[in-house]
Amino acid sequence: MRWAGAVVFRGALLGLLWWVLTEGDPPGWYYGVVAGGAALALSLRLSPPAAPGGRYVSRAGHTVRLLLWFLVHSVLGGIDVSRRILARRVDVVPEVQRHPLLLEPGHQRQVALAMVSLMPGTLMVSMEEDTALIHVLDSRIRVAENWDALQRRIAAAAGTPLRGDGAPRQDGHPVPPADPRGDPL
């Protein structure tokens, strides 16, 4: 029954996505059936359905919380950056800051590095071993807290542990241990 539910749910999601991408154009459905079927088969192969209430359900919840957190912080950051730039006197103090990479090398780390560049007021400059160099529009922006929170949320969504939990950061402040339940929105 798990497989049938997964096929129906994922198939419906892929069908909805195809409908949105083709703007409901009927001739596009011929391609959509083939592309959707292939995507569904690949999805089931790479991520088989889990038992109800299993690890994937927990990760899905963490992923939704990550996306909502990212959306809220992006909007708030965008408002803050707009306010600073549109003021009569531009009030920014740009700098490049060093922040520790708590995620293991791999996909999760790359997602964190990409997401920090999408957040207003920050831009990933480079990496030095286990440190991210992030350009900040204004040194008064709380980048360290947001960076730590972003990495923790990505780790929770991926179901992977962070490394160096509790170790001091470059700025001397200890990194608080991760909440096993995931932090609230």
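Summarised in this report is the structure supplied together with it. Bear in mind that the values here come from a model prediction, so they are computed numbers and not experimental data.

Thoughts on the environment of Leu13
Its place among the elements puts Leu13 in helix α1 (residues 2-21). On the accessibility criterion, Leu13 (44% relative accessible area) is partly exposed. In this structure the C-alpha to C-alpha distance between Leu13 and Leu40, which are 27 residues apart in sequence, comes to 9.6 Å.

Considering helix α2 (residues 28-46)
With 19 residues, α2 ought to run about 27 Å at 1.5 Å a step, and its terminal C-alpha atoms sit 26 Å apart, in line with that. The set of residues buried in α2 consists of Gly28, Gly32, Gly36, Leu40 and Leu44. Viewed end-on, α2 has its buried residues packed into an arc of 110°, placing them on one side of the element. Opposite the packed face of α2, turned more than 90 degrees from it, sit the exposed residues Tyr30, Tyr31, Val34, Arg45 and Leu46. Where the residues of α2 are buried, they touch α1.

Focus: a nonpolar patch on the surface
A surface patch of nonpolar side chains, about 620 Å² in accessible area, is lined by Val64, Leu68, Leu71, Val72, Val75, Leu76 and Ile79. As for its placement among the helices and strands, Ile79 is situated in helix α3 (residues 55-86). Among the residues examined, Ile79 registers a relative accessible area of 53% and is labelled exposed.

Side note on the pairing of strand β3 (residues 131-136)
Put simply, side chains in a regular strand alternate between the two faces of the sheet. Most of β3 is tucked away, with 5 of its 6 residues classed as buried. The pairing of strand β2 (residues 122-128) with β3 spans 6 bridges and is antiparallel. Residue pairing in the sheet places Thr122 in a bridge with Val136 of β3. Hairpin connection from β2 to β3: 2 residues lie between these consecutive antiparallel strands, with Glu129 at a positive phi of about 50°.

Points about the sheet that holds β2
Pairing within the open sheet is antiparallel, and its 3 strands lie in the order β1-β3-β2. Of all the strands in the sheet, the pair left with one neighbour each is β1 (95-100) and β2. In this sheet, neighbouring strand axes are inclined to one another by 30° on average, regardless of whether the strands run parallel or antiparallel. Of the strand pairs in this sheet, β1 and β3 are connected by 6 bridges, and their pairing is antiparallel. Bridging from a neighbouring strand, His99 pairs with Ala132 of β3. Contacts from helix α4 (residues 107-118) reach β2 and β3 within the one sheet, and its direction differs from that of β2 by about 145°.

What about unusual backbone geometry?
Backbone geometry at Glu23 places phi at a positive 55°, although glycine is not the residue there. Along the chain, the position of Glu23 falls in the loop between α1 and α2. A positive phi angle, near 50°, is found at Glu129, a position not held by glycine. For Glu129, the position within the fold is in the loop between β2 and β3.

Notes on the nonpolar core
Judged by nonpolar contacts, the single largest core of 24 residues is most densely connected at Ala132, Ile134, Trp147, Leu150 and Ile154. Of all the secondary structure elements, the ones that give two or more residues to this core are α3, α4, β3 and α5 (143-158). The dominant element in this core, judged by the number of residues it contributes, is α5, at 7 residues. Non-local contacts of Trp147, meaning those with residues more than four positions away in its chain, are made with His99, Pro100, Leu101, Ala112, Leu113, Val116, Ala132 and Ile134.

Rules used in this analysis
Chains are numbered independently. Their residues run from 1 in the order of the written sequence. Note on the predicted model: pLDDT of at least 70 is required for a residue's local features to be given, and 80 or more for side-chain atom pairs to be given and counted; whole-chain, interface and lining totals, by contrast, use all residues. Only hydrogens and water are removed before side-chain values are computed, so all heavy atoms of the structure are retained for them. Working definition: helices are DSSP H or I runs of at least four residues, strands are E runs of at least two. Numbering for both runs from the N terminus. For the exposure calls, accessible area comes from a 1.4 Å probe over protein chains only, and a residue counts as buried if that area is under 20% of its type's maximum, exposed if over 50%, partly exposed in between. Expected helix span is computed as 1.5 Å times (number of residues minus one). Directions pointing from the helix axis toward each C-beta atom define the arc. Contacts: residue pairs with any heavy atoms within 4.5 Å of one another. Only residues whose relative accessible area exceeds 30% and that take part in no salt bridge are eligible for patches, with like-charged residues grouped when within 9 Å of each other and nonpolar side chains (Val, Leu, Ile, Met, Phe, Trp, Tyr) grouped when within 5 Å. All accessible areas in this document rest on Shrake-Rupley with a 1.4 Å probe, and a residue is counted as covered only by the protein chains that are shown. Any carboxyl oxygen of Asp or Glu within 4 Å of a side-chain nitrogen of Lys or Arg constitutes a salt bridge here. Whether two strands pair depends on DSSP finding at least two bridges between them. The convention used is that axes are lines fitted to C-alpha atoms, helices contributing only their stretch in contact, and that angles between N-to-C directions extend from 0 to 180 degrees. Definition of nonpolar core: a set of buried residues of the types Ala, Val, Leu, Ile, Met, Phe, Trp, Tyr and Cys, connected through side-chain atoms within 4.5 Å.

Remember that the coordinates give geometry; whether it matters functionally is a separate question.
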